[in-house]
Amino acid sequence: MKRRKLATRALPTVLLLATLLASAPAVHACGLENPSSVNVGLLNLAYPNALHVRTAIWIAQRDGVLAPFDAAAMVEPQSPDFLLRQMSLLRGIQGQFAALKAGMDASGAREVPAFSVVLLGVVLWTRFEAGDTGLNMTVHAPGPGGDDVVVVTDAPVIAALADGRLTPAEARRRGLMRTYGTVQGVQGVERFLDGVASVKSAAAERFVATMTDRIRTD
Amino acid sequence: MNKRRFLTMSIAAGLLLPAFGAHAQDAGAPDKAKLEKAFPAKPNFSPYAGRNFPTMPLFGDTHLHTGFSMDAGAFGARLTPRDAYKFARGEEITSNSGQPVKLSRPLDFLVVADHSDGMGFFPLLMSGDPTLLATPQGRQWYDLIRGGKGGEAALDIIRSFGQQKLPTGFPLPGTPAYRNAWGETIKAAEAYNEPGRFTAFIGFEWTSNTGGNNLHRNVIFRGNGTQAALVEPYTTLPPFGSDNPVDLWKYMAATQDKTGTEVLAIAHNGNMSNGRMFPMVEAFGKKIDREYAQNRARWEPLYEMTQTKGTGEAHPFLSPNDEFADFELWDKGNLDGSVPKTRDMLEFEYARSALKIGLRLEDVLGVNPYKFGMIGSSDAHTGLAAMEEDNFFGKTAPQEPSPERMTKVFFADPKTGVKVMDWEVGASGYAAVWATENTREAIFDAMKRRETYATTGPRMAVRFFGGWDFAAADASNRMPAAVGYAKGVPMGGDLAKAPNGKAPTFLVAALKDAIGANLDRIQVVKGWVDKDGRTQEKVYDVVWSGNRKPGADGKLPPVGNTVDVANATWTNTIGAPELITVWKDPQFDPKQRAFYYARVIEIPTPRWTAYDAKRFGVKPLPETRMVLQERAYTAPIWYTP
Amino acid sequence: MPLKSLLREPLLHFLAIGAALFLYFHFSGGGSAGPGSTRIAIGAGQVAHLEAGFTRTWSRPPTEVELKGLIDEWVREEIAVREAMSAGLDRDDTVIRRRLRQKFEFLVEDAAEAIPPTDDELKAWFALHADEYRIEPRLALRQVFVSRDRRGAAAEADAAAILKRLAAAGPEAGTDILGDATMLPADLELAPRRDIDRTFGTGFAKQLDAIEPGTWSGPIRSGYGLHLVLVRERVEGGLPAFEAVRPIALREVVAERRKRQLAALYDGLLRKYTVVLERPAAPSVPASGAAPGKGGS
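## Quick word on unusual backbone geometry
Negative phi characterises most residues that are not glycine, and trans characterises most peptide bonds.
Right, on to step 1. Omega for the bond connecting proline 238 of chain B with proline 239 of chain B falls within 30 degrees of zero, at 0°, which places this linkage in the cis form.
Right, on to step 2. You can see proline 239 of chain B is positioned in the loop between helix H10 (225-228) and helix H11 (245-259).
Right, on to step 3. Proline 219 of chain C follows glycine 218 of chain C through a cis peptide bond whose omega is 5°.
Right, on to step 4. Along the chain, the position of proline 219 of chain C falls in strand S3 (residues 216-221).
Right, on to step 5. Within the chain, aspartate 379 of chain B stands out as a residue other than glycine whose phi angle is a positive 60°.

## Considering the side chain of arginine 127 of chain A
All names here are of chain A.
Right, on to step 1. Structurally, arginine 127 can be placed in strand S2 (residues 124-130).
Right, on to step 2. Among the polar contacts listed, one links the side chain of arginine 127 to the side chain of aspartate 148, at a separation of 2.5 Å.
Right, on to step 3. Non-local contacts of arginine 127, meaning those with residues more than four positions away in its chain, are made with Ala114, Phe115, Ser116, Asn136, Met137, Thr138, Ala141, Gly145 and Asp148.

## Here's the deal with the interface of chain A and chain B
Right, on to step 1. Tallying the contact residues gives 42 residues for chain A and 52 residues for chain B.
Right, on to step 2. Buried area between chain A and chain B, both sides added, is near 4300 Å², and the carbon and sulfur share of it is 66%.
Right, on to step 3. Across the contact surface, chain A and chain B share one salt bridge.
Right, on to step 4. Note that arginine 54 of chain A is salt-bridged to glutamate 404 of chain B, the shortest N-O span being 3.9 Å.
Right, on to step 5. Linking chain A with chain B are 13 residue pairs in polar contact (both at pLDDT 80 or more), by the criterion used here.
Right, on to step 6. Elements that contribute at least two residues to the side of chain A that touches chain B include exactly helix H1 (2-22), helix H2 (35-46) and helix H3 (52-62) of chain A.
Right, on to step 7. Ranked by residue count, the leading element in the side of chain A that touches chain B is H2 of chain A, at ten residues.

## Description of helix H8 (residues 155-169) of chain C
Residues and elements named next belong to chain C.
Right, on to step 1. Here H8 spans 21 Å end to end across 15 residues, near enough to the 21 Å set by a 1.5 Å rise per residue.
Right, on to step 2. Ala155, Ala159, Ile162, Leu163, Leu166 and Ala169 are the residues of H8 that are buried. Seen from one end, H8 has its buried residues packed into an arc of 125°, which puts them on one side. More than 90 degrees from the buried face of H8, the exposed residues found are Ala157 and Lys164.
Right, on to step 3. One or two positions beyond H8, positive phi appears at glycine 170, with a value near 90°.

## As for the pairing of strand S10 (residues 302-307) of chain B
Look at any regular strand and the pattern is simple: side chains alternate between the two faces of the sheet.
Residues and elements named next belong to chain B.
Right, on to step 1. The buried count for S10 comes to six of six residues, which makes it a mostly enclosed element.
Right, on to step 2. Where strand S7 (residues 263-268) meets S10, three bridges bridge the pair, whose relative direction is parallel. Each bridged residue has a counterpart across the sheet, and for histidine 268 the counterpart in S10 is glutamate 304.
Right, on to step 3. By the bridge criterion, four bridges tie S10 to strand S12 (residues 373-376) in an arrangement that is parallel. Residue pairing for S12: tyrosine 303 is matched across the bridge by methionine 374.
Right, on to step 4. Bridge analysis of S10 against strand S11 (residues 310-311) gives two bridges, and the strand direction is antiparallel. Within S11, the position partnered with glutamine 307 by the bridge is glycine 310.
Right, on to step 5. What sits between S10 and S11 in their antiparallel hairpin is a turn of two residues.

## Re the pairing of strand S4 (residues 226-235) of chain C
Residues and elements named next belong to chain C.
Right, on to step 1. Where strand S1 (residues 138-146) and S4 come together, nine bridges link them in antiparallel fashion. Within the sheet, the bridge partner assigned to arginine 138 lies in S4 and is valine 235.
Right, on to step 2. Of the strand pairs in this sheet, S3 and S4 are connected by four bridges, and their pairing is antiparallel. Among the inter-strand pairings, tryptophan 216 is bridged to a residue of S4, identified as leucine 230.
Right, on to step 3. Counted between consecutive antiparallel strands, the loop separating S3 from S4 contains four residues, among which glycine 225 sits at a positive phi close to 155°.

## Quick look at the pattern of salt bridges
All names here are of chain B.
Right, on to step 1. Counted by the stated rule, this structure contains 62 salt bridges over all chains.
Right, on to step 2. A salt bridge links glutamate 328 to arginine 625; its shortest N-O distance comes to 3.4 Å. Of this pair, glutamate 328 sits in the loop between S11 and helix H13 (343-346) while arginine 625 is found in the loop between helix H17 (608-616) and strand S28 (627-628), placing the two residues 297 residues apart along the sequence.
Right, on to step 3. According to the relative accessible area criterion, arginine 625 is partly exposed, its value standing at 29%.
Right, on to step 4. Put simply, arginine 521 and aspartate 541 hold a salt bridge, and the shortest N to O gap is 3.0 Å. One end of the pair, arginine 521, is in strand S23 (residues 519-529); the other, aspartate 541, is in strand S24 (residues 535-544), and 20 residues separate them in sequence.
Right, on to step 5. A residue is classified by how much of its surface remains accessible, and arginine 521, at 1% relative accessible area, is buried.
Right, on to step 6. Among the charged side chains, a salt-bridge network with shared partners connects Glu313, Asp322, Arg352, Lys356, Glu537 and Arg599.

## Concerning the sheet that holds S4 of chain C
Adjacent strands of a sheet form backbone hydrogen bonds with each other and so pair up, either parallel or antiparallel.
All names here are of chain C.
Right, on to step 1. The strand order S2-S1-S4-S3 describes an open sheet built from four strands, whose pairing is antiparallel. Each edge of the open sheet is held by one strand with a lone partner, namely strand S2 (187-192) and S3. The average undirected angle you get between the axes of adjacent strands in this sheet is 35°.
Right, on to step 2. Sitting on the sheet, H8 is in contact with S1, S3 and S4, with an inclination near 160° to S3.
Right, on to step 3. Contacts from helix H9 (residues 193-200) reach S1, S2 and S4, with the element oriented near 135° to S2.

## A look at the domain arrangement of chain B
Right, on to step 1. Parsing chain B into structural domains produces domain 1 (58-118 + 171-446), domain 2 (121-169) and domain 3 (461-640).
Right, on to step 2. One C-alpha centre belongs to domain 2 of chain B, the other to domain 3 of chain B, and the line joining them spans 50 Å.

## A few points about the confidence of the model for chain B
Right, on to step 1. In the predicted model, chain B carries a mean pLDDT of 91, and the fraction of residues at 70 or more is 92%.
Right, on to step 2. On the interface metric, ipTM, the complex scores 0.84, and its pTM is 0.80.

## Concerning the packing of aromatic side chains
Right, on to step 1. According to the stated counting rule, one finds 40 aromatic pairs over all chains in the structure shown.
Right, on to step 2. Their ring planes at 45° and their centres at 5.0 Å tell us that phenylalanine 392 of chain B and tryptophan 608 of chain B sit as a pair that is tilted. Residue phenylalanine 392 of chain B is found in strand S14 (residues 391-392), and its partner tryptophan 608 of chain B is found in helix H17; the two are separated by 216 residues along the sequence. For the pair phenylalanine 392 of chain B and tryptophan 608 of chain B, a shared accessibility class is recorded, and that class is buried.
Right, on to step 3. One aromatic cluster is present, built from ring pairs that chain together Phe121, Phe122, Trp141, Phe161 and Phe170 of chain B.
Right, on to step 4. Just above the ring of tyrosine 430 of chain B sits the side chain of arginine 459 of chain B; from NZ or CZ to the centre is 5.7 Å.
Right, on to step 5. Geometry around tyrosine 224 of chain C places lysine 512 of chain B over its ring, the cationic atom sitting 5.4 Å from the centre.

## Here we look at the environment of valine 189 of chain A
All names here are of chain A.
Right, on to step 1. One can find valine 189 in helix H7 (residues 183-195).
Right, on to step 2. For valine 189, a relative accessible area of 0% corresponds to the buried category.
Right, on to step 3. Between the C-alpha atom of valine 189 and that of valine 149, which follows or precedes it by 40 residues, the distance is 7.4 Å.

So, how was this worked out
Residues numbered from 1 in each chain as written. Chains lettered and ligands numbered in written order. Predicted model: local features only at pLDDT ≥ 70, side-chain atom pairs only at ≥ 80, totals over all residues. Heavy atoms only, no water. Helix = DSSP H or I, 4+ residues; strand = E, 2+ residues; numbered from the N terminus. Polar contact = N/O pair within 3.5 Å; in protein donor to acceptor, adjacent residues only side chain to side chain. Contact = heavy atoms within 4.5 Å. Buried area = accessible area lost by both parts, 1.4 Å probe. Salt bridge = Lys/Arg side-chain N within 4 Å of Asp/Glu carboxyl O. Expected span 1.5 Å × (residues − 1). Buried < 20%, exposed > 50% of the residue type's maximum accessible area, 1.4 Å probe, protein only. Arc of directions from axis to C-beta. Pairing = 2+ DSSP bridges. Axes fitted to C-alpha atoms, helices over the stretch in contact; angles between N-to-C directions. Domains from an automatic or database assignment. pLDDT = per-residue confidence, 0-100. Phe/Tyr/Trp six-rings, centres within 6.5 Å; stacked < 30°, edge-to-face > 60°. Lys NZ or Arg CZ within 6 Å of the ring centre and 35° of its normal.

Encoded structure:
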């Protein structure tokens, strides 16, 4: 008797659940619930062959052009310390972008069309727009600006660029960076990036210039 | 010429030829005319000329997705059906991640089976289709995707699909967009179909998935593009479609009427159906009755039991005495991990168990609904049917070779705790078919009569014949296939009403993959219904390499292991290249229904994870499997009292 | 059927392209009527094009109702494009521009497919490309298998002995009691290299190149063991018959035609445009005069 009563009470909930489940979409496949893979996957459709950058990266890692692949550095959304690791990763990347920006400023960034850099792994957007005193950089941009040229790359490449181990021209040549946009925009950004000295040498030159100035004023 | 006479002739020839041979050194070559005079019934000198039984197995994939499938596109696949056929035929192409890729040997046939729901959607949207982009929904998805928020877009698309609130321009049956996608699928198959050399089948996948429980089927057309173009694929949402297999079968019957050609359906991934793949009592609110059984048996002559999402022949819980049952299992939950697995589900998910249930239902209903042959296929969502361990291109575009796939998570449901890693994806499998020639018709017909077997990747040649009169000497016959077809039925066939006092005998043979690993053993798996109406099963080792002897526990010792994991190599110094034997059922009861199928097991070889670890220098996670014993499973032969 | 022969007319073919191009240029940005125009004209060529597309897919021409549906769809698309363009959706949107280009090119490509190539065209293509489809040489062979697995170290010596007996017995030697039983065929009808390799393993056929037809030779090695082989017949490769290559020729000629027509179209159109490459101002040079890119370390 008691069991029967429970059943009747549970019935509405069961029915609700059943309808919810029954209306669950039929177009699933496993893994679709893992948004990060889908973010990257669909980026490959929006920016055709963006996924080739991933292959270019592991080839460059194998060849010593980039630091070797570090499995421990992968940050999985399901891991318990995800948030902490993600934050520290992003902080590091931010610092690298800042170094890069300095290098790019040194190369004169007055006419470069606005461009947004997206990192495949974390799908992080960083926007660059030419300003009066150099480039204006927006970290954690929500997406590419309407007319922006899009540069697809990934964290290991930014790290190498920031360290001065790689120039943007070299990165492009090896397929570690791919550019998307209007013909004019792409040309403008690529020409600009190709002209950017390696961060290390740009920093070194700035140091030399500062020293030279100091010597002159002494 | 009847079989018996042929046999007498062959034996006579066999007995007399030594006489010729012995004289040959003195008398010179035996005169061909003399020979033919002596044995006038012998039709040709060449034993294979004039034979009408299949002499070579054909290998293919019946389950491949390209960028036309919504989920494949969502994961970044850009390869098209044409690319898929080119690759399967043996050409080198560039993968979705920019790597050159080529099969070690061409496949013989391929079915590009893209999901019927939303076919062609992402290529359409991302190429800037004006109709879609003119709608706010379409524009929003497009912008989200360009902004790197594809995951959010995908979830919204799925939700909209489920609620049937889709924008104009979305490919639904009857719309121009859908017609174009199906039309292109058909055109690709027609362009690459080359009878005698490579068969490109037209097909699609019907993706019934309610509640996350997998009931998917691949539908294959026997005919050509003109016929297939007279219909559109069946989807899963009303009003055009349904998630109930019964409705799929109705569609198939109507399709045959409308097109004038035949279709068949192949289900897969019972292991992710959470107990719904092989129902015994009821399905979708209706009792399993004779009509269900007839339709199921008629429309689904095969079952895909090994693929990237696990192998579903047997499970250790169901078969605790089978030391090979624990193989590439995916038994954590349903397809999206939303409901974890419970033990009571397993019985209705695995092939061997299903075959047993089928026997019982035949007792009750008079028809066996689960009377299927076995095949393997890939279910790759990359357009690449690349399932060799040393040439594995993953299940999705992000799983194409890169150091990441050794340690990445494939999918995880935080609520239920169901988690599957990239390394758990299997480099499996292929379908092997004994067809008389490489054409759509011949391969389809072989599938319908179930003369097929599954492999987990390698291309062993496996023969399995059942009859009442096979004798040990048949195993030494120079033409085992001829004897097999003459004295018995091939895999997929039936034996009935045992002659008085006789037990079924089986001629089983396996030849290793020409460029692959040696064989460990061949087993015969028997399932039957006992006198109490309960199903039983037993696995027999029937022939094996070397001179191992079964131990006191009746188990044959393992064959050994030559795998050097660190270097991802192995040697063929153990095992045998070829095994053949005649086996008789030692515990036969002519009053009990039974099935028998052969399982062929290779010696241990490196798994794709070992090749990856070596090539990328990545350390695998502690629980990663690095070695496996590849295998083949034949279609059963059924005995009916 | 008059419509069918009409569709075969090359003139209609060009009219269709012309009409479509005219429509495109007339109604697109390009200085003329532009997105603001609310007049949509559908020419006979466009209608024929829609009909041809339907017929190709469904193997029959559309009914009145269906044709109206097709035209409605086309009009919708035209409206959508114009509205989208006047809303500025196409400006600098690479993907939309790419899609417009695609559409533009589809017109040409569709026309290329609408009229099937003539036999003469196919034969001309075949004459140029036959070599790529050269039939492989084929071999018919007999083989006797000597199993290393069963005989171990004695296999080599056994193979040599068997070879002697076979050589003495000649090409018609009975092989039923020689060597070891195997699932591998004792006899192979004329087969190309790839079929031989799929049966015996990659590289097996190559080893047979050196063998004289008519004499037992070996042992040839495979992944299975040793084989004593008699090449019964070797048929040199040759050019395939035209009929055999026809479907491939059809596929390729249509693809080539598409490419050529597209190239010709662009060449023609290019004459209409003036292309000027604007060079940006030179980047400013650092005060120190040091050349960029020269690393210090």
